[in-house]
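Residue-level listing of the chains:
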Amino acid sequence: MPHSRRAPDATAYGLMIVLCIVWGSQQVVIKLMAPYMAPIVQIAMRSILVCCLLGGYLITRCQGGLPRNTWLPGSLAGLFFAVEFIAIAEGLRLTSASHMVVFLYTSPLFTCIGLHFLVAQERMKHLQWLGMAAASAGIALAFLGPDTQQGGATLAGDLLALLAGASWGITTVIIRHSTLNTLSAQGNMFYQMLFVGVIALLFAVLSGQPLLATWQQESIVLMLYQTVVLALCSYLGWFWLLRVYKATRIATLSLMTPLFGVLFGMIILSEPLTLSFVAGSTLVLLGVILVRVGE
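Procedures and definitions
- Residues numbered from 1 in each chain as written.
- Predicted model: local features only at pLDDT ≥ 70, side-chain atom pairs only at ≥ 80, totals over all residues.
- Heavy atoms only, no water.
- Helix = DSSP H or I, 4+ residues; strand = E, 2+ residues; numbered from the N terminus.
- Buried < 20%, exposed > 50% of the residue type's maximum accessible area, 1.4 Å probe, protein only.
- Contact = heavy atoms within 4.5 Å.
- Areas by Shrake-Rupley, 256 points an atom, 1.4 Å probe, with all protein chains shown as cover.
- Salt bridge = Lys/Arg side-chain N within 4 Å of Asp/Glu carboxyl O.
- pLDDT = per-residue confidence, 0-100.
- Axes fitted to C-alpha atoms, helices over the stretch in contact; angles between N-to-C directions.
- Parallel < 35°, antiparallel > 145°, perpendicular 65-115°, else oblique.
- Left-handed = near helix turned anticlockwise from the far one by under 90°.
- Nonpolar A, V, L, I, M, F, W, Y, C, P; charged D, E, K, R; others polar.
- Core = buried A, V, L, I, M, F, W, Y, C linked by side-chain atoms within 4.5 Å.

> Now, about the overall build of the protein: what can you tell me, with residues and values included?
The helix and strand tally for the protein stands at 12 helices and zero strands. Reading the protein from its N terminus to its C terminus gives the helix and strand order α-α-α-α-α-α-α-α-α-α-α-α. When each of the 295 residues of the protein is scored for burial, the buried share is 51%. Counted over contacts in the protein with a minimum sequence separation of 6, partners at least 24 positions apart contribute 86%. Carbon and sulfur atoms make up 70% of the accessible area of the protein, which amounts to about 13,700 Å² in all.

Structural data, given as structure tokens:
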């Protein structure tokens, strides 16, 4: 890993735009494939497939396997990563893709809170607390605005989206402050995909969701996209960017993702947007930006 990371250049900006478009499509793709396969089973299948690919790579390239001192934090990070994706899958059954992508990207807020209490050198500054206040107000407005007419199921879906964001934030804290920080991108992904695949599949069985899929041309294309583009290539590209460029600057660019997610939800799924949700989402994104800038 290089000792000095570069400031983002044209390559970094171009790749981040592509990644944000891909990540913004995730919730929409899961919704589109839901008639063919339950969302939780989609996530389990794509994770198991990626885990097999990464396992083969690690066996051939790392003869000693993964370092033993990464097993415990890797398992813990994998567990929270599994919670994140179970919350995404179940939340998408109840709420819109637009709501999911906005609330999912509150994850940096939870990361900063965790680091504030665990690491003295990463205490939050005044600007970051201001960002937290703005994001909290935005979440409240999106949930409780005067033109918000959501039932109990939609509210539960939004809360699951927040849980997914919190779990993602906790996963980041574990990776940044454990032996996983020096583990390769492939090693980190293997732990996370292994736990997501196994736990998501177990959750599907215990909750009585159908494991079989209806395989047609559309469902095959959607699954290949999720496995190869979303779950494998995009995350490997993300880890590569973090190893080459300054992490804070790159992470800030990821805030384009909710914008693409909401746009895809409107165009592809015809999802309606209320004024309260738009205003609340703007406050959430502003708050996350202030937290990132204040690092």
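Don't stop here, the text continues.
> Provide a residue-level description of the pattern of salt bridges, including the pertinent values.
One pass over the full model with this rule turns up one salt bridge. In this structure, Glu 90 and Arg 93 form a salt bridge, with 2.9 Å as the shortest nitrogen-oxygen distance.

> Just give me the short version of the confidence of the model for the protein, but keep the residues and values in it.
For the protein, per-residue confidence averages 86 on the pLDDT scale, and 90% of positions sit at 70 or higher. Of all the helices and strands in the protein, helix 10 (residues 247-253) carries the lowest mean pLDDT, 67, while helix 3 (residues 71-92) carries the highest, 95.

> An account of the packing of helix 3 against helix 8 (residues 185-206) is needed here, citing residue identities and associated values.
Where helix 3 contacts helix 8, the axes come no closer than 7 Å and their chain directions differ by 50°. In terms of orientation, helix 3 and helix 8 fall into the oblique class. Crossing angle aside, the handedness with which helix 3 passes helix 8 is right-handed. Each of Trp 71, Gly 74, Ser 75, Gly 78, Leu 79, Phe 81, Ala 82, Phe 85, Ile 86 and Glu 90 in helix 3 lies in contact with helix 8, whose residues at this interface are Tyr 191, Gln 192, Met 193, Phe 195, Val 196, Ile 199, Ala 200 and Phe 203. Grouping the amino acids of the contact of helix 3 with helix 8 by side-chain chemistry returns 13 nonpolar, four polar and one charged.

> Break down the nonpolar core for me, citing the residues and quoting the values.
Formed by 78 residues in total, the largest nonpolar core has its most connected members in Met 16, Trp 23, Ile 40, Ile 88, Met 189, Met 193 and Ile 250. Residues in contact with Ile 40, not counting those within four places in the same chain, are Ile 86, Ala 89, Glu 90, Ala 200, Phe 203, Ala 204 and Gln 209.

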